[in-house]
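# Secondary and tertiary structure notes
Letter by letter, the chains look like this.
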Amino acid sequence: MATTASEVSAVRWRPRRRLWTMLGVALVGTGLLSAIGAWRDSHVFLINASVSLPNWAFLIRRHQLPARGDYVFFDPPQSTLLRRHFGAKTQMFGKIVYGMPGDVVAHRGMVVTIDGKPIGRMKSLTRFGEPLTPGAEGVIPAGCYYAGSPHRDGFDSRYAEIGFVCGRQIVGVGEPVL
C-alpha cells in the first residue's frame, strides 16, 4: 500500500534531554573542580600553634608580598637555635610586618625602634637560658621586611637568628579566620 506525502510524518530531530543535562553537569563539574584546584594552589589554611599571634587560624594567600601591618608567613632560616627549639624540620612562622624596605631599625638599649617608633623589647636569653643575638640595625634592604609580634616572648626579627624576612623566604600573606 502506498502512502501519500501528507501521511508521512516529518522526521524531526529531537535533542536527548537527559544526554544534554548530563553533558552540562559534567562541564559545570569540571569547571568547578578546576577552580577549586586553582584556589588550592594559591591558598593555604593554617592552624597557628604559637602564642605569639592573637589568632589561631589563618587563610594564607601564597606568593603575595606583604604591606605594613599584614600577617606574613615565611620559612625561617636554619640555625642550631631553631633546631633545638622547633625540631629538625621547622614549620613556617607567622608574624606581623612592622618594617618595610627603606625603614630604619635601631636599638635603644633593649628597645627596638623602626623610624624612631618603639615596636618591641629584646631579651638577652631564651626561656631555656640560651643567649639571643640582637637583630640587624640600619636600613631594611629592598625585598626584605621586619616581621615581629606583639608577644613579649616572640621569636622574630628582633633577633639575628630570624633577621629580616626576605622575598625568597615568604610563603604568603594571611588573613585571620578565627
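Provided above is the structure to which this section pertains.
Not measured: the values here are computed from a predicted model.

This part covers the overall build of the protein. Helix and strand counts for the protein stand at two helices and eleven strands. Listing each helix as α and each strand as β along the protein from the N terminus yields α-β-β-β-α-β-β-β-β-β-β-β-β. Here the protein has a C-alpha radius of gyration of 29 Å; the compact-globule value for 178 residues is 16 Å, and the former is much larger. Viewed in the frame of its principal axes, the protein has a C-alpha envelope of about 115 × 35 × 25 Å.

On the surface, Phe 45, Ile 47, Trp 56, Val 177 and Leu 178 cluster together into a nonpolar patch covering about 530 Å² of accessible area. Within the fold, Trp 56 resides in the loop between strand 1 (43-47) and strand 2 (57-62). Residue Trp 56 is classed as partly exposed on the basis of its relative accessible area of 47%.

Scanning the entire structure with this criterion turns up six aromatic pairs. Between Phe 86 and Phe 93, the ring centres sit 5.2 Å apart and the planes meet at 65°, which makes this aromatic pair edge-to-face. Among the residues examined, Phe 86 registers a relative accessible area of 42% and is labelled partly exposed. For Phe 93, a relative accessible area of 8% puts it in the buried group. Clustering of aromatic rings is evident, with ring pairs tying together Phe 74, Phe 86, Phe 93, Phe 155 and Tyr 159.

Formed by 24 residues in total, the largest nonpolar core has its most connected members in Phe 74, Val 105, Tyr 146, Phe 155 and Phe 164. Here this core gets four residues from one element, more than from any other, and that element is strand 9 (residues 144-148). Contact partners of Val 105, with chain neighbours within four places excluded, come to Val 112, Thr 113, Ile 114, Ala 136, Glu 137, Gly 138, Ile 140, Tyr 146 and Phe 164. Counting residues in each nonpolar core, the second largest holds eight residues, with Leu 53, Ile 60, Phe 73 and Ile 96 among its members.

Right, let's talk about the state of the cysteines for a bit. One pass over the structure, following the stated rule, counts one disulfide. Put simply, Cys 144 and Cys 166 are joined by a disulfide, and their sulfur atoms are 2.0 Å apart. Taking the sign of the torsion about the S-S bond as the criterion, the disulfide between Cys 144 and Cys 166, at about 95°, is right-handed. Of this pair, Cys 144 sits in strand 9 while Cys 166 sits in strand 10 (residues 165-166), and the two are 22 residues apart along the sequence. Among the residues examined, Cys 144 registers a relative accessible area of 7% and is labelled buried.

With that settled, the discussion passes to the pattern of salt bridges. When the charged atoms of two side chains lie near each other, side chains of opposite charge can form a pair. Tallied over the full model, the rule gives seven salt bridges. Between Asp 41 and Arg 40 there is a salt bridge, with its nearest N and O atoms 3.3 Å apart. Classification of Arg 40 by relative accessible area gives exposed; the value is 53%. Close ionic contact of Arg 84 with Glu 130 constitutes a salt bridge, the shortest N to O distance being 2.5 Å. Placement of the pair is Arg 84 in helix 2 (residues 80-86) and Glu 130 in the loop between strand 7 (117-121) and strand 8 (138-139), with a sequence separation of 46 residues.

Here is what the cut-offs are and how they apply
- Residues numbered from 1 in each chain as written.
- Predicted model: local features only at pLDDT ≥ 70, side-chain atom pairs only at ≥ 80, totals over all residues.
- Heavy atoms only, no water.
- Helix = DSSP H or I, 4+ residues; strand = E, 2+ residues; numbered from the N terminus.
- Rg over C-alpha atoms; globule rule 2.2 N^0.38 Å.
- Patch = residues over 30% accessible without salt bridge, like charges linked within 9 Å, V, L, I, M, F, W, Y side chains within 5 Å.
- Areas by Shrake-Rupley, 256 points an atom, 1.4 Å probe, with all protein chains shown as cover.
- Salt bridge = Lys/Arg side-chain N within 4 Å of Asp/Glu carboxyl O.
- Buried < 20%, exposed > 50% of the residue type's maximum accessible area, 1.4 Å probe, protein only.
- Phe/Tyr/Trp six-rings, centres within 6.5 Å; stacked < 30°, edge-to-face > 60°.
- Core = buried A, V, L, I, M, F, W, Y, C linked by side-chain atoms within 4.5 Å.
- Contact = heavy atoms within 4.5 Å.
- Disulfide = S-S within 2.5 Å.

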